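For reference, the chains in residue letters:
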Amino acid sequence: MDFSYSEQTEQLRAQLNNFMDDHIIPRIGQWRDEVAAGQYPVSFMEDLKALAREEGLWNMFLPGLRADEPGTRLSNLEYAPLAEIMGRVPWSSEVFNCNAPDTGNMEVLHMFATPRQREQWLVPLLNGEIRSAFAMTEPDVASSDATNIQTSIRRDGDHYLINGRKWFITNAHHPNCRVFILMGKTDPDADTYRQQSMVLVPMDTPGVELVRNLTTLNHHSPEGHSEVLFRDVRVPVSNLIGQEGDGFMIAQARLGPGRIHHCMRSIGMAEVCLDLMVARSQDRKTFGKYLYQHGSIGEWIARSRIEIEQARLLVLKTAAMIDEVGARGARKEISMIKVIAPTLLATVADRAMQVFGAMGVTPDTPLADFYTGGRVLRYADGPDEVHLQTIARLELKDSAGRRMDIARYMTPKQ
Ligand SMILES: Cc1cc2nc3c(=O)[nH]c(=O)nc-3n(C[C@H](O)[C@H](O)[C@H](O)COP(=O)(O)OP(=O)(O)OC[C@H]3O[C@@H](n4cnc5c(N)ncnc54)[C@H](O)[C@@H]3O)c2cc1C
């Protein structure tokens, strides 16, 4: 496999790095202050989005972008290093219309929407005019097993009637969020994997109630990880995505590329943590030595570099495999990187916090936010343990037919 960057990627990397230097990094403080003051989306967001779109730094995550759709068409492998750059300042991905969960939702609509659904929801999403949320997880059932989902989607004439409670619904508190892709059950008596369906639920439908925005490790995300109540919510049957019973299949299709986008951004965040760790260790002295001259801190720097490089190579391999054999063929690699990248981020952020001393756990550095991001990503898009189970299952399947003859590797008894 060749992971060298294409000419187009190199050019976009340079362009994106310049954009980050000129427009994003100088606004980190302003973004934080405006969010703290309840001003969200922040005042400069729409201006920066217009600028990014003008520069062609738009919708780069979607390989299947049609000629008439706005954005720069790239493969997953080409997109990976760009997502990594955006990850350095996590809110920046909205500027480029490359933020979760809108990316995953646009992928779903791209694959499955009817022409009317495309017009109503996909076009404004691709234009960055609205935001969206994906509503699957429920407080009352173990949602890492999506077959447990209980929200009911009951047919009633030309409408579906929806009842259920969801939580951790990212983006639902974004003031521009206009629509949910909601997963629920249309037929609890069907085969286990045909009970679920997905429907589009406009935010302003009567019966939709934003209950609260959950903090994670006391971290406040202005776009929300929200609890949402759906009480006798009525939507036309034309809001169904695909066919009744397709929900599980669509959920699987949605999570392929989206999962590795998080990993790509995590690597960018881990790089910032390492950069900060190195710089701080060169600035401060204890016991007559710079911090990096103490063996333990030198080792953290070295281990962080090794682990970031390992993760990046696996992300690139996974992206290349998605391009070549599709998300289904890359299932094992997607799960592997989904386990590695969040823990890598939390680990490197943790080391960097320690090098910064007490300052490392304050909001004066981005480290605590990065740490939180890594830790919570161990649940989002499926907890580690479910991915480990998938990897083990596929490993055993792949090894069928080449089972090792254990005796050949044993030392014979004398
Ligand atoms: C920051 C954040 C953002 C999120 N955004 C969204 C979103 O936008 N939309 C959405 O629908 N959901 C979202 N989620 C929810 C996330 O997808 C779920 O939390 C996740 O799927 C786990 O479901 P659960 O919390 O119900 O845990 P449960 O299913 O109750 O699982 C609890 C624990 O059991 C263990 N476990 C589960 N299965 C196995 C197994 N096979 N083997 C061993 N151990 C196992 C794991 O340790 C797991 O953490 C988000 C979560 C977070 C933290």
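What comes next concerns the included structure.

This next bit is on the packing of helix H10 (residues 331–355) against helix H11 (residues 367–376). Look at H10 against H11: their axes get within 7 Å of each other, and the N-to-C directions meet at 155 degrees. Judged on the interaxial angle alone, H11 and H10 are roughly antiparallel. When you trace H10 past H11, the crossing you get is left-handed. When H10 is examined against H11, the residues Pro342, Thr343, Leu345, Ala346, Ala349, Asp350, Ala352 and Met353 are found in contact with a partner set consisting of Leu367, Ala368, Phe370, Tyr371, Gly373, Gly374 and Arg375. Looking at the contact of H10 with H11, its residues break down into ten nonpolar, three polar and two charged.

On to the site of the ligand. Close to the ligand lie 21 residues; Met136, Thr137, Ala142, Ser144 and Glu385 are nearest. Sorting the residues of the shell around the ligand by element identifies strand S1 (131–135), strand S3 (159–170) and helix H12 (384–399) as the ones contributing at least two each. Grouping the amino acids of the shell around the ligand by side-chain chemistry returns twelve nonpolar, eight polar and one charged. Each of domain 2 (131–244) and domain 3 (249–399) accounts for three or more of the residues forming the shell around the ligand.

Packing of helix H6 (residues 102–112) against helix H7 (residues 115–126) leaves a shortest axis separation of 10 Å and a crossing angle of 145 degrees. In this structure, the crossing between H6 and H7 has a hand that is left-handed. Contacts between H6 and H7 involve Asp102, Asn105, Met106, Leu109 and His110 on the former and, on the latter, Gln117, Arg118, Trp121, Leu122, Leu125 and Leu126. Among the residues forming the contact of H6 with H7, the class breakdown is six nonpolar, three polar and two charged.

On to unusual backbone geometry. The omega angle of the peptide bond from tyrosine 40 to proline 41 is 0 degrees, so this bond is cis rather than trans. By secondary structure assignment, the location of proline 41 is in the loop between helix H2 (28–36) and helix H3 (45–54). With an omega dihedral of 0 degrees, the bond running from alanine 100 to proline 101 counts as a cis peptide bond. Mapped onto the elements of the fold, proline 101 is located in the loop between helix H5 (92–95) and H6. In this structure, asparagine 218 takes a positive phi of about 65 degrees despite not being glycine.

Another aspect to go through is the nonpolar core. If you look at the biggest cluster of nonpolar residues, it comprises 101 residues, and the most contacted ones within it are Ala135, Val199, Cys273, Val315, Ala349 and Ala352. Among the elements that take part in this core, H10 stands out by supplying 14 residues, more than any other. The contacts of valine 315, once residues within four sequence positions are left out, are Ala80, Ile260, Cys263, Met264, Ile267 and Ile337.

A few words now on the environment of lysine 49. Position of lysine 49 among the secondary structure elements: in helix H3. For lysine 49, a count of 20 C-beta atoms within 10 Å translates into the label buried. Beyond its immediate stretch of four places on either side in the chain, lysine 49 contacts Val95, Asn97 and Gly128.

So, how was this worked out
- Residues numbered from 1 in each chain as written.
- Predicted model: local features only at pLDDT ≥ 70, side-chain atom pairs only at ≥ 80, totals over all residues.
- Axes fitted to C-alpha atoms, helices over the stretch in contact; angles between N-to-C directions.
- Helix = DSSP H or I, 4+ residues; strand = E, 2+ residues; numbered from the N terminus.
- Parallel < 35°, antiparallel > 145°, perpendicular 65-115°, else oblique.
- Left-handed = near helix turned anticlockwise from the far one by under 90°.
- Contact = placed C-beta atoms within 7 Å.
- Nonpolar A, V, L, I, M, F, W, Y, C, P; charged D, E, K, R; others polar.
- Near = placed C-beta within 6 Å.
- Domains from an automatic or database assignment.
- Core = buried A, V, L, I, M, F, W, Y, C linked by C-beta atoms within 7 Å.
- Buried ≥ 20, exposed ≤ 12 C-beta atoms within 10 Å, placed from the backbone.

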